[in-house]
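What follows is the residue order along each chain.
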Amino acid sequence: SCDPERAAKVRKATSWAYRVKSGAVWFDYQKSKSPNHPDATLKAMNFRGLCQTDGAPGLGAIGRPGQMTSLGCMSHCRRPFFDAHKAGDPRARWYLEQIGKLFRVERIAQRYGRKERLRRRFSLTIFEALLKQAEAHAEVAPPKTDMGNAVRYLLGQQERLERCLTIADAEISNNAVERAVRPLKLGARNWLVVGNPSAGPRLANLFTLVENCRLLGIDPERYLINLIARLPDHPASKIAELLPHHWRGAPAGSS
């Protein structure tokens, strides 16, 4: 966003994305990528339960201690191995195959049930093999290489990733929120710079409405046209009725 305190300068900002398992998404504009922002948000909500994030520094400790269980993400674990494979390191292919097996187990479990049983029998064995191989490669792969980064990410996230396989309600990735973020990434060039930091929260709110429309199969344009028409006469105390998951289209006779 443009920085009003420095002429012709910009500062990096971010939209933190939150998604509940039931599907609703919320984007929160903040002026930095500091984990202090989601930490404060979760504490203000008195959030209890599972919180799944990537392995960015500090995200594993957000929220109130004792109330939240931090989970890692196997998709984010896979990415550096994909980079190593793309760079030509033959060792990375085995890791990609094993992580692929973890996702296949999840798909089978989703279709036929018995997730806990399948994870105990197959997924944990695969994960233990990944760790063992990573420990061996960490001794010979330089830290600043693609392969070195990949195995150290896996080992550094070991505890959080293992919880994804041992906690019954846990998913093995946060792909759901990644899918919600993708439209913002694809269109980033169109909104690369926000004219003023005060516009950031409004833009995040608009993104939130549009993305939730998309998830619910609602035409965002029709929703927003109807929303703007109804807002002036709608009681503020009943504003939740106009949120996408409550909205049922325009009233009879409205344009």
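Whatever comes next refers back to the structure up there.
None of these values were measured; they are calculated from a predicted model. (Residues numbered from 1 in each chain as written. Predicted model: local features only at pLDDT ≥ 70, side-chain atom pairs only at ≥ 80, totals over all residues. Heavy atoms only, no water.)

A. Region of interest: the overall build of the protein. Assigned secondary structure in the protein consists of 9 helices and 4 strands. Start at the N end of the protein and walk to the C end: the helices and strands fall as β-β-α-β-β-α-α-α-α-α-α-α-α. Here the C-alpha coordinates of the protein stretch approximately 65 × 55 × 35 Å along the principal axes. Put simply, the protein has 255 residues, and 36% of those count as buried. As displayed, the protein has an accessible area near 15700 Å², and 54% of this comes from carbon and sulfur atoms. Here the protein carries 41 positive and 24 negative side-chain charges, and the mean point of each set is 2 Å from the other. (Helix = DSSP H or I, 4+ residues; strand = E, 2+ residues; numbered from the N terminus. Buried < 20%, exposed > 50% of the residue type's maximum accessible area, 1.4 Å probe, protein only. Areas by Shrake-Rupley, 256 points an atom, 1.4 Å probe, with all protein chains shown as cover. Lys, Arg positive; Asp, Glu negative; His and termini not counted. Charge placed at Lys NZ, Arg CZ, Asp CG, Glu CD.)

B. Looking closely at the nonpolar core. Residues Met74, Phe81, Tyr95, Leu130, Met147 and Leu154 are the most contacted members of the largest nonpolar core, which totals 28 residues. Elements that contribute at least two residues to this core include exactly α2 (74–86), α3 (92–112), α4 (115–138), α5 (146–156) and α6 (158–166). No other element matches the 7 residues that α4 contributes to this core. Counting 8 residues, the second largest nonpolar core, distinct from the first, contains Val25, Tyr29, Leu184 and Ala204. (Core = buried A, V, L, I, M, F, W, Y, C linked by side-chain atoms within 4.5 Å.)

C. Expanded view of unusual backbone geometry. Of note in this structure, asparagine 46 is not a glycine but carries a positive phi near 55 degrees. Looking at where asparagine 46 falls in the secondary structure, it is placed in the loop between α1 (36–44) and β3 (49–52). On the basis of relative accessible area, asparagine 46 is assigned to the partly exposed category, the value being 39%. One non-glycine residue, arginine 114, lies in positive phi territory at about 60 degrees. Structurally, arginine 114 is set in the loop between α3 and α4.

D. Summary view of the pattern of salt bridges. If you walk through the whole model with that rule in mind, you get 8 salt bridges. A salt bridge links lysine 43 to aspartate 39, with the nearest nitrogen and oxygen atoms 3.2 Å apart. Taken together, the positions of lysine 43 and aspartate 39, both in helix α1 and 4 residues apart, correspond to about one turn of that helix. Among the ionic pairs, aspartate 89 bridges to arginine 91, the shortest N-O distance being 2.8 Å. According to the relative accessible area criterion, arginine 91 is partly exposed, its value standing at 30%. (Salt bridge = Lys/Arg side-chain N within 4 Å of Asp/Glu carboxyl O.)

E. Inspection of the pairing of strand β2 (residues 25–30) at higher detail. Pairing between strand β1 (residues 14–19) and β2: 6 bridges, direction antiparallel. Its bridge partner being in β2, alanine 17 is matched across the sheet by phenylalanine 27. The hairpin turn running from β1 into β2, its antiparallel successor, is 5 residues long, and glycine 23 in that turn takes a positive phi close to 120 degrees. (Pairing = 2+ DSSP bridges.)

F. Spatial organisation of α4. For α4, the principal kink sits at arginine 121 and spans about 35 degrees. Next to the buried residues of α4 lie α3, α5 and α6. (Bend = angle between axes of the 7 residues up to and from the residue. Contact = heavy atoms within 4.5 Å.)

G. Structural context of the packing of aromatic side chains. Tallying each qualifying case throughout the model produces 5 aromatic pairs. An angle of 85 degrees between the planes, with centres 5.1 Å apart, marks the rings of tryptophan 94 and tyrosine 95 as edge-to-face. A centroid spacing of 5.2 Å and a plane angle of 90 degrees characterise the contact between tyrosine 223 and tryptophan 247, whose relative ring orientation is edge-to-face. Linking tyrosine 223 in helix α9 (residues 220–230) with tryptophan 247 in the segment after α9, this pair joins segments that are 24 residues apart in sequence. (Phe/Tyr/Trp six-rings, centres within 6.5 Å; stacked < 30°, edge-to-face > 60°.)

H. Spotlight on α3. For α3, which comprises 21 residues, the first-to-last C-alpha distance of 31 Å matches the rise-based estimate of 30 Å (1.5 Å per residue) to within 8%. Along α3, the positions that sit buried rather than exposed are Ala92, Tyr95, Leu96, Gln98, Ile99, Leu102, Phe103, Val105, Glu106 and Ala109. In the stretch just after α3, glycine 113 is the one whose phi turns positive, near 85 degrees. (Expected span 1.5 Å × (residues − 1).)

I. Quick peek at the environment of aspartate 146. Checked against the element boundaries, aspartate 146 lands in helix α5. For aspartate 146, a relative accessible area of 37% translates into the label partly exposed. Residues aspartate 146 and leucine 71 lie 75 residues apart in sequence; the distance between their C-alpha atoms is 24 Å. Filtering out sequence-adjacent residues up to four positions away, aspartate 146 remains in contact with Pro80, Asp83, Ala84 and Ala87.

Bear in mind that shape data such as this cannot, by itself, settle questions of function.
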